[in-house]
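Fold and contact review
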Amino acid sequence: MAKESSAFQIDENKRKQMQAEQEQIRQRVKRIRHQILVLSGKGGVGKSTVAVNLAVSLALSGKSVGLLDIDIHGPSIPKILNLEEKAIQAIGDTILPVEVTKNLKVMSIGFLLRGKDDAVIWRGPLKYHMIKQFLKDVQWGNLDFLIVDSPPGTGDEPLSIVQLLENPDGAVVVTTPQEIALSDVRKSIVFCRNLKLPVLGVLENMSGFVCPKCGQRTDIFKSGGGEIMANEMHVPFLGRIPMDPQIVQSCDSGKPFVYYYNQSQ
Ligand code: ADP
């Protein structure tokens, strides 16, 4: 009997602790006006590129922005923003995000890995715990936008962040135009619906390539499939981004495209 009551006590303590942590997250999230997830059905479609450029564009327009990279197995935000050498600072129980500019703060698991080729091998509960820490312990301060770069698919990470944020504004879903990518992105949209997370829109990336030498357009991954799929799924279509060698170059060199090539159409 005594054993049972102590087990009950542990459960009760755990429940209280979880409630207290969720309340701490609520207090932090209360200071963030909009929270937007960037999702994709597949890897390699340009989700992190979109997340970074969205965050930088908002910061360039004067908004206070946080960029949270929860792509735990493949964090690429530090590379795209040339922050790979940055270490994060802890103050007491809290963590300071890396400041790119006064109004752009970044947090990524990449900052916690010792070597840039280190791999994280974690199961769901550990990932949930890490994401919880990113919301609870990071000093985001007052933000207009928190942009969350989530790993591809519909796994633990997007599920955890939606549950922890409780009421995010919605998701931008990035796809490429070919059917093999579109079939996965449909699953992302269904995932959002199941979680009652609004789909802010679908973005078709790598949509056609215009040869810089001869000007001829080639639809390497086809074009237009994202818009058709968005219409079929009754979600907004946000537009197309062509394949552009300058985007690869800017990602590889850690110079955000929208900052260095802001005259681009
Ligand atoms: P994901 O986050 O979906 O895995 P990334 O954003 O890391 O994808 O992009 C994968 C690769 O594709 C990167 O090398 C990036 O520079 C490149 N890329 C993304 N969008 C474009 C584009 N529109 N044109 C050319 N290259 C792109």
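Predicted model only: the values in this text are computed from it and were never measured. (Residues numbered from 1 in each chain as written. Predicted model: local features only at pLDDT ≥ 70, side-chain atom pairs only at ≥ 80, totals over all residues. Heavy atoms only, no water.)

With that out of the way, let us pick up helix 8 (residues 245-252). Each α-helix winds once per 3.6 residues, and so residues spaced three or four apart point in a common direction. For helix 8, the full list of buried residues reads I247, S250 and C251. Within helix 8, the buried residues cover an arc of 100° as seen down the axis, which keeps them to one side. For helix 8, the exposed residues set more than 90 degrees away from the buried face come down to V248 and D252. Its buried side turned inward, helix 8 meets helix 2 (47-60), helix 3 (77-80), strand 11 (237-243) and helix 9 (257-260). Phi for G254, located one or two positions after helix 8, is positive at around 75°. (Buried < 20%, exposed > 50% of the residue type's maximum accessible area, 1.4 Å probe, protein only. Helix = DSSP H or I, 4+ residues; strand = E, 2+ residues; numbered from the N terminus. Arc of directions from axis to C-beta. Contact = heavy atoms within 4.5 Å.)

Now for the site of the ligand. Taken together, 16 residues form the shell around the ligand, and within it G44, K47, S48, T49 and N205 come nearest. A distance of 3.0 Å separates an oxygen atom of the ligand from a polar backbone atom of G46. Between P242 and the ligand, the recorded distance is 2.9 Å, taken from a backbone N or O atom to a nitrogen atom. Protein contact buries 81% of the 560 Å² of open area that the ligand shows by itself. Of the pockets mapped on this structure, the ligand occupies the largest pocket. Every element with two or more residues in the shell around the ligand is listed here: helix 2, strand 9 (199-210), strand 11 and helix 8. (Near = heavy atom within 4 Å. Polar contact = N/O pair within 3.5 Å; in protein donor to acceptor, adjacent residues only side chain to side chain. Areas by Shrake-Rupley, 256 points an atom, 1.4 Å probe, with all protein chains shown as cover. 1 Å grid on protein atoms, 1.4 Å probe; cavity = no way out; pocket = protein on both sides within 12 Å on 5 of 7 lines; lining within 4 Å. Sits in = over half its atoms within 2 Å of the grid points.)

Turning our eyes to something else, we now look at the pattern of salt bridges. For the coordinates displayed, the defined rule picks out 17 salt bridges. A salt bridge links K42 to D184, with the shortest nitrogen-to-oxygen separation between them at 2.7 Å. Of this pair, K42 sits in the loop between strand 1 (32-40) and helix 2 while D184 sits in helix 6 (residues 179-194), and the two are 142 residues apart along the sequence. The residue K187 makes a salt bridge to D184 at a minimum N-O spacing of 3.4 Å. Placement of the pair is K187 and D184 together in helix 6, with a separation of 3 residues, close to one helical turn. Given the relative accessible area of 53%, K187 is considered exposed. If you follow the salt bridges from partner to partner, you end up with E23, R26 and E166 in one network. (Salt bridge = Lys/Arg side-chain N within 4 Å of Asp/Glu carboxyl O.)

Each pocket or cavity is described by its volume, and for the largest pocket that value is around 900 Å³. Looking at the largest pocket, it is lined by 37 residues, and the ones nearest its centre are T49, N53, N205, I241 and I247. Mapped onto the lining of the largest pocket, the elements with two or more residues apiece are helix 2, helix 3, strand 9, strand 11, helix 8 and helix 9. A total of 7 residues in the lining of the largest pocket trace back to one element, the largest contributor, which is helix 2. Class assignment of the residues belonging to the lining of the largest pocket gives a composition of 19 nonpolar, 12 polar and 6 charged. (Points joined across faces, edges and corners; volume = space filled by probe spheres on them. Nonpolar A, V, L, I, M, F, W, Y, C, P; charged D, E, K, R; others polar.)

Here the focus is the environment of V106. Structurally, the position occupied by V106 is in strand 6 (residues 104-108). Take V106: its relative accessible area is 0%, and that puts it in the buried class. The spatial distance from the C-alpha of V106 to the C-alpha of G254 is 14 Å, given a sequence separation of 148 residues. Discounting chain neighbours no more than four positions away, the residues touching V106 are L67, I77, L81, L83, P97, V98, V100, F111 and W140.

Our focus in this paragraph is helix 6. Given a rise of 1.5 Å per residue, 16 residues ought to cover 22 Å, and the 23 Å separating the end C-alpha atoms of helix 6 matches this to within 8%. Residues of helix 6 that are buried make contact with strand 1, helix 5 (156-165), strand 8 (170-175), strand 9 and helix 7 (225-232). A positive backbone phi angle near 60° is found at K196, which sits one or two residues after helix 6. (Expected span 1.5 Å × (residues − 1).)

Interaxial distance between helix 4 (residues 124-136) and helix 5 falls to 9 Å at its minimum, and their mutual angle equals 45°. In terms of their interaxial angle, helix 4 and helix 5 are classed as oblique. Handedness of the helix 4/helix 5 crossing: right-handed. On the side of helix 4, the interface is formed by G124, K127, Y128, I131, K132 and L135, while helix 5 contributes D156, E157, S160, I161, Q163, L164 and L165. Split by residue class, the contact of helix 4 with helix 5 holds 6 nonpolar, 3 polar and 4 charged. (Axes fitted to C-alpha atoms, helices over the stretch in contact; angles between N-to-C directions. Parallel < 35°, antiparallel > 145°, perpendicular 65-115°, else oblique. Left-handed = near helix turned anticlockwise from the far one by under 90°.)

Our next topic: the packing of helix 6 against helix 7. Put simply, helix 6 and helix 7 touch, their axes get as near as 11 Å, and they point 35° apart. Where helix 6 crosses over helix 7, the handedness of that crossing is right-handed. Between helix 6, through L182, V185, R186 and I189, and helix 7, the contact on the second element is made entirely by G225, G226, M229 and E232. Taken together, the residues that form the contact of helix 6 with helix 7 break down as 4 nonpolar, 2 polar and 2 charged.

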